[in-house]
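Residues per chain are reported as follows:
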Amino acid sequence: MKKITIQLVFFLCLVAFSVQAQDDSKINGEAIFGDLTARHIGPALMSGRINDMETHPTNPRIIYAGTAGGGVWKSNDTGTTFNPIFDDYCQSIGAVAVDPNNPDKVIWVGTGETWTRNSVSIGDGLYKSEDGGANWKKYGFEKSERIANIIVNPKNSNEVYVAVLGALWGDSEERGIYKTTDAGATWSKILYTDERTGCADLAMDPSNPNILYASMWEFRRTGWSFESGGNKSALYKSTDGGITWNKIHNGFPEGQLGRLAIAVAPSNPNVLYTVIEAEKDERKGLYRSDDAGESWVQLNNDFGLTVRPFYFSRITIDPKDENVIIKGGLTGSISRDGGKTFKPLGNMHSDIHDVVFDINDSDRIYAGTDGGVYRSWNGGTTMEIVENLPLSQFYHISVDNDEPYNVYGGLQDNGSWYGPSRSTGGINARDWNSIGGGDGFRVLRHPTKNIIYSESQGAGNVWRYDVDNELIKTIQPLPMKGHAKLRFNWNAPMAISKHQPDRFYMGSQFLHKSEDMGNTWEIISPDLTTNNPEKQQQEASGGLSMDNSGAENHTTIFTIVESPFDENIIWVGTDDGNIQITKDGGENWTNTSLDIPGLPKHTWVYHIEASVHDKATAYAVFDGHTMNDMTPYVYRTTDFGKTWTSITTSEITGFARNIQEDYVNPNLLFLGTEFGLYITLDGGKSWSKFTNNVPSVAIHFIDLQKRTNDLVLGTHGRGVIIIDDISPLREISPEVISKKVHFFESKPTVMVDQSGFSGNFGAETQFVGRNPSRVAQIKYLLKKRHTFGKMTMEIQDMDGNKVSTLSPGKSKGINIVNWNYRIKQPKIAKGKTTTGAVSPRAPAGTYKVVLTKGKETYEHSIELVYDANAGLTDGDRADKQDVTMKLYDMTQELAYIVYQIDAILENTGTDNKLGKKMLALKETLVITTGDNYVGSAEPQLRELMTQVFAKIAYSYDSPSPNEMDNLSIIEERFSKAKKDFEKLKSKAKTKSMELQSFEDFLND
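What this report covers is the structure whose coordinates are included nearby.

Reading guide: rules and limits
Residues numbered from 1 in each chain as written. Predicted model: local features only at pLDDT ≥ 70, side-chain atom pairs only at ≥ 80, totals over all residues. Heavy atoms only, no water. Salt bridge = Lys/Arg side-chain N within 4 Å of Asp/Glu carboxyl O. Helix = DSSP H or I, 4+ residues; strand = E, 2+ residues; numbered from the N terminus. Buried < 20%, exposed > 50% of the residue type's maximum accessible area, 1.4 Å probe, protein only. Phe/Tyr/Trp six-rings, centres within 6.5 Å; stacked < 30°, edge-to-face > 60°. Lys NZ or Arg CZ within 6 Å of the ring centre and 35° of its normal. Contact = heavy atoms within 4.5 Å. Polar contact = N/O pair within 3.5 Å; in protein donor to acceptor, adjacent residues only side chain to side chain.

Comments concerning the pattern of salt bridges
Okay, so step 1: In the structure shown here, the tally under the stated rule is 44 salt bridges.
Okay, so step 2: Linking Glu-552 and Arg-221 is a salt bridge whose minimum nitrogen-to-oxygen distance equals 2.6 Å. One end of the pair, Glu-552, is in the loop between β43 (542–543) and β44 (557–562); the other, Arg-221, is in strand β15 (residues 208–221), and 331 residues separate them in sequence.
Okay, so step 3: On the accessibility criterion, Arg-221 (1% relative accessible area) is buried.
Okay, so step 4: Linking Arg-375 and Glu-384 is a salt bridge whose minimum nitrogen-to-oxygen distance equals 2.8 Å.
Okay, so step 5: The exposure class assigned to Arg-375 is buried, which follows from its relative accessible area of 10%.
Okay, so step 6: Accessibility expressed as a relative area gives 32% for Glu-384, which makes it partly exposed.
Okay, so step 7: Within this structure, Arg-503, Lys-513, Glu-515, Glu-522, Glu-562 and Glu-567 form a network of salt bridges that share partners.

Put into C-alpha cells, the structure is as follows:
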C-alpha cells in the first residue's frame, strides 16, 4: 500500500509538472506589448454611420453621438469637434441617455446598433458613467445584443427604463422593456412578447413619467433573407410606470405590422406621431394622435417616410412646436404643418438615422447619417459636416509598396478610397483619393503598374483605374453562354495573382480568372457552393416591405487566395461553409470542410490565409454570427485541408473575421474580431488582446506591409489603424522573456532629408491622422518594471564618447525610446532675448546604446544612414559635417566668452572704464535690449552666428558658396571679438573670481 501511495504521489507530481510546463510554453502578450502603440489615420472626410444623437438637457454646447461601430463621441462646442469617451468598450452603440437630474455626471450607454442592416455589429450590454464619461461600469444585459432606447425618469434618477431590441439573427429571451428602481442594481422585465419580438422604440410623456409608449417589433435576419413584421408587432401604452400595458391601435392599418416609430411632442404631450410599416403600401406611413394615443389618423405615406423602415424609423419633434417634425430616411424629411406635407432636409450624405434639435434654438439641428454628423444653423435648409469624426467603416483594406506606402479600402456606403500612411503635417482629408462609388469593398493595387481595381456592391461595377492616364474601365465578369446566372456576394471577392501580375480573380458561385487585367474572363471551376435553392430567394426578402438590395445574396464565393508557392494552388471559401482547393489551376477541386471538428456545418468562410512559410499550410476564419453563433472559429491545416485544427482559445472574445500570418515568424499571428485585435506569439496556444490605442472595434481585415513591418487594420467604425513596426514581436520567446533586458534588432535608421510645408490652414476642426515616427528608435524588453535604483541611457560613439543622453523607459514589457539622431545642443550665449537653439545631426555610422540599470550595464548597437534621395556625395556630407561642427564649437566658445564677461561685470560693475568697455563689447556679441517680437533689436554676433549655423545644420544640402562667404565674415568678426576680450580680460582681476573652466562651463 505504501508503495502504491508513493507511486501515486510521483505520478501526480509528473502530471502537475507537465501542466506547468504546458502553461509556461504559453506567452502572455498583454504583459509584453508595452510601448507598442497604434495610430489612427482616418479618414474622416467620409465619416461613418451614426445610430443615435443625444443632447445635454441644460447645456446646448454638449452633444453626444452614438455610432454604429465607432463608440460614443462627445462634443463640448456645439458639434464643431468631437472626442471619443468609450474606447475601452464595445464600439457598436444603440442608445445614449443623459440623466436629466445630473446631466454633467451620469450618462447611460446601451450597446448594439439598432438599424438592422446585414453588416451591423453587435452589442454586449448596458453601461453607466457617473463622472461625465471618464469611467464606465457595466450594468448587465450581456445577451441583449441591441439596446434601442434608455429613458431616465426626470424626477427620479433611480428609475430607468431600457428598451431591448435583442438578437437579430436568432431567438432570444432578452428582449422587451426592463425597469430598475435602484439605479441599475436590479432589473425587472415589464413588457415581453416572445423570442422573436423586441422593443424598437420607447417614449415617455415629459409631463408624467408614469406614461410610457413602446413599439414592439417582430423581425429576423439570416445570411440570405430578412423578415420584418408579424402578428406580434404592436404599439403599447402604460399609464402606471410599466405595470400594465395596452395596445393603442385605434385607426391603425389592418393585418400584420412591422417596425413602428413613436414620438411624444414635448410642448404638447397629447400629440403623438408614429410611422407604421403595414401589409398594404397605401396604409403605410405617418400617423398622428391628438389624444395621447386614443385614436390615430394617417397623414402621409410619401416614399421618403416609408422607405426601408428597418433602417429608418426615427421621428424627432421640435421641442417648442408639436407641428414641426423630422423623419429619418434616404434624405431626411421635415414637416412644418403637423405632418401633412414634407420636404427634404438640406444636401448631406444620404441615409439619415437620427436628428436632434438644439435645446434652445430650433433652427440648430444635428443629424446622424451614414456619412457622419451634420449641423444646420437654419432649420435644416443648409447642412455642414462635422470634420473630425474618423468613423469610416472598412470592409477590406490592402497596401502597396510605395514610399510612403498607401492604404486602399472600401467603405460601407462611402465608396472606395486610398491614402498615404504618412504625409507632411499629418494625414489630412485632402490626402485621400476616391476610386469608386456605392458601397466599397475590396480595393487592390496592381503589383507592377499604377493601376487600381475597385468594386461596388454585388460586383455591380468592378473598376480598373489607370491612375497615370485617368482612364476607368468596368471589367466585372458578365454572364456567359452555357453557364448559370451568376451569383455574386454583396461583398464580392477579388484577388491578384502573386505569380502573374496581370492575372486577376473574381468569385461568383464560380471562380473567374482573367490573364489580362479583366478584359477577358474564363470560368475555372464548377459551382463551388452548396447551391442550396432555399437560400436563393432574395426577391422575397424584406417581410412587409420588400428589401432586395443584393445584401442577402447567398451561396456565393466570399474569399479567394492563390498560394505564394505555387500558382496552381488556389483556395476558395464560400458563404455557405465550403473550403475548396485546387492544386492544378482549377482542373480539379476538393471540398475540405465537410468534417471540421467543432465547426457547425455551413458556417460562413470569411477568410482564408495561405501560409508564406509552408506550401501545405493555410488558415481559415469562419464567421457564424449570421446563424446566431457568436463563437470565434479559427483553424489551421498543414496538409492542404485534409485535416483542420482549431487554434482559438477562451481568451478570444467576439466572432472572428480575419487572420494575418507574420512573414518572418510563423508562430506570430494577428486576429481581427468583432471586439478588437488579438495576437498570438506561440502559434495559437494563447491569445492576448491588443489595446494600446486600438479600441474594442470590429476589425474586418488585416494586412502587413512587408518593407516597414507595419500592421494595418481595416476597422468597421474607426477607419484605418496602424501599428508601426511589429518586428519586436517576432523575437518574443520564453528564452527572451526570461532575460532581465533584451534589445530588439532594428533596421538602420535613415536620417530623412525630405521635408515640406504642412499646409494645415483650414484643418483646425478636421481630423488629422498621426504620422509614424521617423527618428531612431531603441526597443528593448524589460522582464520587470524598474522601480528602485538609478537607470540611465546614453548614446555613445564606438569609442565610448557620449553623443546624447536619453530618458529610458522603465516599464515591464516592450519599451521604445526615441532618439532624433541629434547631438546635444551647444551652449548658447545669454542675452536679453533668446535665439534659436541648434541641435546638429550625428554623422552616419554605428552607435552604442548603453543602458545602466542599477549596477548592471547593457549595450546594444544601432546604425544611422544618410538619405540617398538627397543626392549628396560622401564628400558633400563630410563638408557639411565639418562646417556644422565648426559652428557648433564657435557657438560654445562665444557662450563661454559672454559668461566670463557677465562674471566680470558682476564683479567690477559698469561705472568704470573697464566695465564700460566690457559692456560695449558684450553689446556687439549678443542683443542686450528689445524683445523677441516687434521690439527686436539689431542682430549681433550671436544671432548672426546662430542664423548661419541653423541654416547649414538643418539644410539637407552641403554649405553653399554664399553661406561660406557669410561664415568667413562671422569668423573675422569673432576673431576680432576674441582678441578684444582677451585684452580687456587681462586688465580684470579674474584671479579673485571663481570662474568655471571651459570644460566645467560646458558640462554645467
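Now that the structure has been shown, we can carry on.
Observations concerning the packing of aromatic side chains
Ring pairs (aromatic) are described by centroid distance and by the angle formed between their planes.
Okay, so step 1: Applying the stated criterion across every chain, the model contains 33 aromatic pairs.
Okay, so step 2: On the basis of an interplanar angle of 90° and a centroid distance of 5.6 Å, the ring pair of Tyr-395 and Trp-490 is categorised as edge-to-face. Of the two residues, Tyr-395 is situated in strand β31 (residues 394–399) and Trp-490 in the loop between β38 (471–474) and β39 (494–496); the sequence distance between them amounts to 95 residues. Across the pair, exposure class does not vary: Tyr-395 and Trp-490 are buried alike.
Okay, so step 3: Ring centres of Tyr-896 and Tyr-899 lie 5.8 Å apart, and the angle between their planes is 25°; this geometry places the pair in the stacked category. With Tyr-896 and Tyr-899 both in helix α5 (residues 874–908) and three residues apart, this pair spans about one turn of that helix.
Okay, so step 4: Ring pairing ties together the aromatic residues Trp-217, Phe-219, Phe-226, Phe-310, Tyr-311 and Phe-312, which thus form one cluster.
Okay, so step 5: Taking the ring centre of Phe-310 as reference, the NZ or CZ of Arg-221 above it sits at 5.5 Å.
Okay, so step 6: For the cation-ring pair, Arg-442 lies above Phe-558, with the distance from its terminal atom to the ring centre recorded as 5.1 Å.

Overview of the environment of Tyr-606
Okay, so step 1: Tracing the chain through its elements places Tyr-606 in strand β48 (residues 604–610).
Okay, so step 2: Take Tyr-606: its relative accessible area is 7%, and that puts it in the buried class.
Okay, so step 3: It is 5.6 Å that separates the C-alpha atoms of Tyr-606 and Val-621, two residues lying 15 residues apart in sequence.
Okay, so step 4: Beyond its immediate stretch of four places on either side in the chain, Tyr-606 contacts Asn-491, Phe-558, Thr-559, Val-621, Phe-622, Asp-623, Arg-657 and His-700.
Okay, so step 5: A distance of 2.9 Å separates polar atoms of two side chains, one belonging to Tyr-606 and the other to Arg-657.

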